[in-house]
Amino acid sequence: MTQAPTPTADTVRRLVRSLLKESAEGTHGPDVRPVAEGGEHSTWWVGTRYVLRLAPDRDAAARQRRELRLRDLVRPHLPVAVPTSVAHGEWAPGLTYTLDTKVPGGTGEEHDVSAVGEADLAGLLTGMREVPVRQAETLGVPRTAPRSLEALRRMAVHAAERLGAADEFDPARMTQLTPPGAAQLAAQPGTAVLVHHDLRGEHLVVSADGRVRGILDWTGAVVGDPAEDIAGLAVAVGSPAAVRAATLAGYGARPCLRGLWIARCDTVIRLTGRLAGRDTTPLPLLRTQLRRAWEAILLERVTEFREDEADGEP
């Protein structure tokens with residue numbers, strides 16, 4: 001298999017100069033620098049107005065092509081910005097790029113989300129539910145089955161014991177989620193919606209006043225369990241804010257609590273993996289995410305659900 005080329009600043013500069021007429025006029029080309037926060041793309045700032053994302057392999061290229069179409073589908077339904085591509089194509093054989101306009105603001109790791117920002121997140125969750133699922137699937141967005149919360153709970157219990165031995169976490173906290181509780185919080189049939197599936201802090205564009213201005217990186221979107229996005233927000237902005245936003249969006253107690261416990265189990269498992277050397281995510285970030293996910297909420301007092309509960313379905 002041919003090794004994918006490694007993009008350099010010169011590679012990026014030559015590509016951008018061919019795309020932006022104003023850049024071609026300069027002798028040195030535009031200012032380009034890699035974005036420190038990474039994902040599956042090689043991402044570069046281009047001046048102050050653009051972001052260039054280079055797909056590193058063919059699978060990522062396929063997701064990026066799908067993302068370009070998906071962003072056009074979701075944009076009319078959302079109250080927050082979705083990046084717009086000003087140019088896209090291939091930067092190497094079979095490997096795609098997109099040059100996007102930068103959405104002004106910082107990340108969710110840099111700015112706290114305000115009460116008005118929580119309303120922005122509620123609008124995001126509401127809009128995601130309004131996106132026609134069939135149209136998303138026609139674009140190639142995959143449908144995924146809900147995760148088993150009981151299986152996740154069992155993994156998290158073992159992980160919490162290892163964190164306890166490392167003095168990172170009190171494993172007794174995992175007893176708050178019992179096997180019957182996990183069964184009660186199973187995903188309900190017929191609730192699949194379009195899910196961003198990666199609502200980390202770095203993918204939230206937040207202004208200095210706490211408003212959520214945009215959502216980045218739609219390459220991991222799926223049709224599936226809305227609790228996954230509630231879980232993502234719990235990790236990104238804290239459980240109370242995430243649950244308030246989901247409640248404003250019309251979700252009931254069951255999906256909110258399911259999202260809460262997915263986030264809690266995930267953060268315990270991820271931190272354990274990092275301590276074992278299986279993850280390269282910075283430890284301070286994983287510890288912060290764990291703290292956010294485990295913030296207490298009043299809704300945890302709910303222990304039983306009616307079988308006819310709407311769960312936020314319109």
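Note: the structure precedes this text.
Residues numbered from 1 in each chain as written. Predicted model: local features only at pLDDT ≥ 70, side-chain atom pairs only at ≥ 80, totals over all residues. Heavy atoms only, no water.

Trainee: Just to check I follow, could you spell out the sheet that holds strand S9 (residues 212-215) for this structure?
Mentor: Two modes of strand pairing occur in sheets, parallel and antiparallel, and in both the strands are linked by backbone hydrogen bonds. Reading across from one edge, S6-S8-S9 is the order of the three strands in this open sheet, with antiparallel pairing throughout. Of all strands in the sheet, those with a lone pairing partner are strand S6 (106-107) and S9, marking the two edges. Looking at chain direction, strand S8 (residues 204-206) and S9 are connected through three bridges and run antiparallel. Looking at the pairing, valine 206 lines up with valine 212 of S9. (Pairing = 2+ DSSP bridges. Helix = DSSP H or I, 4+ residues; strand = E, 2+ residues; numbered from the N terminus.)

Trainee: Can you walk me through the environment of valine 74 in this structure?
Mentor: Among the secondary structure elements, valine 74 is positioned in helix H3 (residues 58-74). For the pair formed by valine 74 and methionine 128, sequence separation is 54 residues and the distance between their alpha carbons is 7.4 Å. Setting aside residues up to four positions removed in sequence, valine 74 forms contacts with Val82, Val131, Leu194 and Trp218. (Contact = heavy atoms within 4.5 Å.)

Trainee: How should I be thinking about the sheet that holds strand S4 (residues 85-92) in this particular structure?
Mentor: Taken together, the five strands give an open sheet; going across it, the order is S1-S2-S3-S5-S4, and neighbouring strands pair in antiparallel fashion. This sheet does not close on itself; its edge strands, each paired only once, are strand S1 (32-34) and S4. For this sheet the average axis-to-axis angle between neighbouring strands, irrespective of direction, equals 25°. Note: S4 against strand S5 (residues 95-101), six bridges, orientation antiparallel. Directly across from alanine 92, in S5, lies its bridge partner leucine 95. Sheet strands touched by helix H1 (residues 9-19): S1, strand S2 (42-46), strand S3 (50-54), S4 and S5. Its angle to S3, the strand with the most contacts, is close to 120°. Taken strand by strand, H3 contacts S3, S4 and S5, and its axis lies near 40° from that of S5. (Axes fitted to C-alpha atoms, helices over the stretch in contact; angles between N-to-C directions.)

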